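# Commentary on secondary and tertiary structure
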Amino acid sequence: MKNNKKVVENYFFMTTLQVLNSLFYLLVYPFLIRTLGAESYGLYVFALSVATFFIIFITYGFEWVAVKEISQKADSKRAKELILSKVFWAKLYLLIPAVVFFLALLITVPKFQSGWYIYAICFLTVAVNIIFPVWYFQGMQRMKVVTFIQLAFKLLSLPFIFIFITGPKDSWIFALIVSLSGLFGGVVAACIIRFVDRLKIRFIPLRKLKKLYKECFPIFLSSSAGVFKQQGATVLIGAFFGMAEVAIYDLAVKIMIVPQTLTSSINSAIFPKIARNPVAKTIKKIISYEFFLALVIIALIAVFGKLAILLLGGEQMLASYPILVALSFTMIPWMVVIAYTLFVFVQQNKYYYITKNQLISASVFFLLSIASIMFCRNIIFIALATTIAGLSEVVYFIYISKKYKLLPH
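Definitions and limits used
- Residues numbered from 1 in each chain as written.
- Predicted model: local features only at pLDDT ≥ 70, side-chain atom pairs only at ≥ 80, totals over all residues.
- Heavy atoms only, no water.
- Helix = DSSP H or I, 4+ residues; strand = E, 2+ residues; numbered from the N terminus.
- Contact = heavy atoms within 4.5 Å.
- Polar contact = N/O pair within 3.5 Å; in protein donor to acceptor, adjacent residues only side chain to side chain.
- Patch = residues over 30% accessible without salt bridge, like charges linked within 9 Å, V, L, I, M, F, W, Y side chains within 5 Å.
- Areas by Shrake-Rupley, 256 points an atom, 1.4 Å probe, with all protein chains shown as cover.
- Salt bridge = Lys/Arg side-chain N within 4 Å of Asp/Glu carboxyl O.
- Buried < 20%, exposed > 50% of the residue type's maximum accessible area, 1.4 Å probe, protein only.
- Axes fitted to C-alpha atoms, helices over the stretch in contact; angles between N-to-C directions.
- Parallel < 35°, antiparallel > 145°, perpendicular 65-115°, else oblique.
- Nonpolar A, V, L, I, M, F, W, Y, C, P; charged D, E, K, R; others polar.
- Expected span 1.5 Å × (residues − 1).
- Lys, Arg positive; Asp, Glu negative; His and termini not counted.
- Charge placed at Lys NZ, Arg CZ, Asp CG, Glu CD.

### As for the environment of Arg34
Along the chain, Arg34 falls in helix α1 (residues 5–35). In the structure, Arg34 is positioned 134 residues away from Pro168 in sequence and 9.1 Å away in space, judged by C-alpha atoms. What Arg34 contacts, discounting residues up to four positions off in sequence, is Leu310, Leu311, Leu312, Gly313, Gly314 and Gln316. Separated by 3.0 Å, the side chain of Arg34 and the backbone oxygen of Leu312 make a polar contact.

### Focus: a nonpolar patch on the surface
A cluster of nonpolar side chains, Leu293, Val296, Leu300, Val303, Phe304, Leu307 and Leu311, forms an exposed patch at the surface whose accessible area comes to about 680 Å². Summarising the element assignment, Val303 is placed in helix α13 (residues 280–313). Val303 sits in the exposed class, given a relative accessible area of 58%.

### Focus on the packing of helix α14 (residues 320–328) against helix α17 (residues 380–403)
One can describe the packing of α14 onto α17 by two numbers: an axis separation of 8 Å at closest approach and a directional angle of 10 degrees. In terms of orientation, α14 lies roughly parallel with respect to α17. Of α17, the residues touching α14 (which contributes Pro322, Ile323, Ala326 and Leu327) are Ile380, Ala383, Leu384, Thr386 and Thr387. Among the residues making up the contact of α14 with α17, the classes are represented as seven nonpolar, two polar and no charged.

### Here's the deal with the pattern of salt bridges
When the charged atoms of two side chains with opposite charge come close together, those side chains can pair. The full count for this structure, using the stated rule, is four salt bridges. Ionic pairing is found between Asp250 and Lys254, a salt bridge with its closest N-O pair at 2.8 Å. Here Asp250 pairs with Lys254, and both are found in helix α12 (residues 243–276), just four residues apart, close to one helical turn. Exposure class is identical for Asp250 and Lys254. Each is buried.

### With respect to α17
Between its first and last C-alpha atoms α17 spans 35 Å; for 24 residues at 1.5 Å apiece the expected length is 34 Å, and the two agree. Phi for Lys405, located one or two positions after α17, is positive at around 50 degrees.

### Quick look at helix α10 (residues 171–196)
Relative to the 38 Å expected for 26 residues at 1.5 Å per residue, α10 spans 37 Å between its end C-alpha atoms, a close match to the ideal helical length. The positive-phi residue at the C-terminal boundary of α10 is Arg198, with phi of around 55 degrees.

### Some thoughts on unusual backbone geometry
Of note in the backbone geometry, Asn349 takes a positive phi value of approximately 60 degrees without being a glycine. Even without being a glycine, Lys405 presents a positive backbone phi close to 50 degrees. By the element assignment, Lys405 lies in the segment after α17. Classification of Lys405 by relative accessible area gives exposed; the value is 66%.

### Topic: a positive patch on the surface
A grouping of Lys77, Arg194, Arg198 and Lys200 is seen on the molecular surface, where their side chains present a positively charged patch. By the secondary structure assignment, Arg198 is in the loop between α10 and α11 (210–240). Using a relative accessible area of 57% as the deciding quantity, one classes Arg198 as exposed.

Following this line, the structure appears as structure tokens:
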């Protein structure tokens, strides 16, 4: 603890941030599901999932590379300005085709034309991703800044939620409150970087970013495949089953987010330190500890999951329990795969294997999901497809690590 004080502090605030985000939505969930209803709330979740695909497009894998560079060059103002400027303009250039494609969806796809304003409001989160560089504060090991900003705006948004949301037609109001709170938080973060850290975003022409796009392309493919599994399940359920089923699946996902956020922050907090001093023995310990912790969490979910669903959604949402149990096994890939990704493959610049792993996993998910939609017509099989696809990632990373001795004894 003494030797890793900064890591512990960074982990604490990253975990606090993730828990607060999870608790915020769990806190308002009972009110929202009973006031908006499953159909209306499911529409909001579906719209947010669609927006997430655009977020992953403009993020493009820049952030993991940027975190590594920021952590290694934390004492150089010029280097930090260059990294910030590159990521900002690289995302901004990608926003242009994203907006064009999004508008095309609204105009041409009937499902998007109904309630188009909800999709448009959720799309604001894409802009938030550009102006709120969480990755910068992570690399600088100052996640407490992000925690305080997001906590403040979450608390400020609570009264508006309980005052202005009165019925099923108000899902767009909830979407607007969430989007604006993120947008205002991004403005504050940008001001801190500019006026407290005294860093400027300088113009970078597109031609000078070609190397960055090329470097991050494998991570982009990997991230896209990962989001395809996570958000793709919601989109598939909304497209082939209905918005009420989206709400049922979403409740299981929301409960899963709690243990996921508590554990994923461990890897993110340790990453800057490992990036400077990678030790195979330490990495192996981290992976083994996280595997056994995942098994403990799976057992706890099986025992207490039904109670959590009753408390949050009531008996009308009990259909979420078998989905929750099926998804609980994703805790193993959630922890182990992230550890392998950051500490082994990113650290050794083996981005190809990360990409290949995610593409294989996405293919497994896609094939199993299509089969379940065609033959089973039950959303629990979508959850099982997600779990099996995740476990295939663990198997692949273990195989590659042993084959090429990426973690020598």
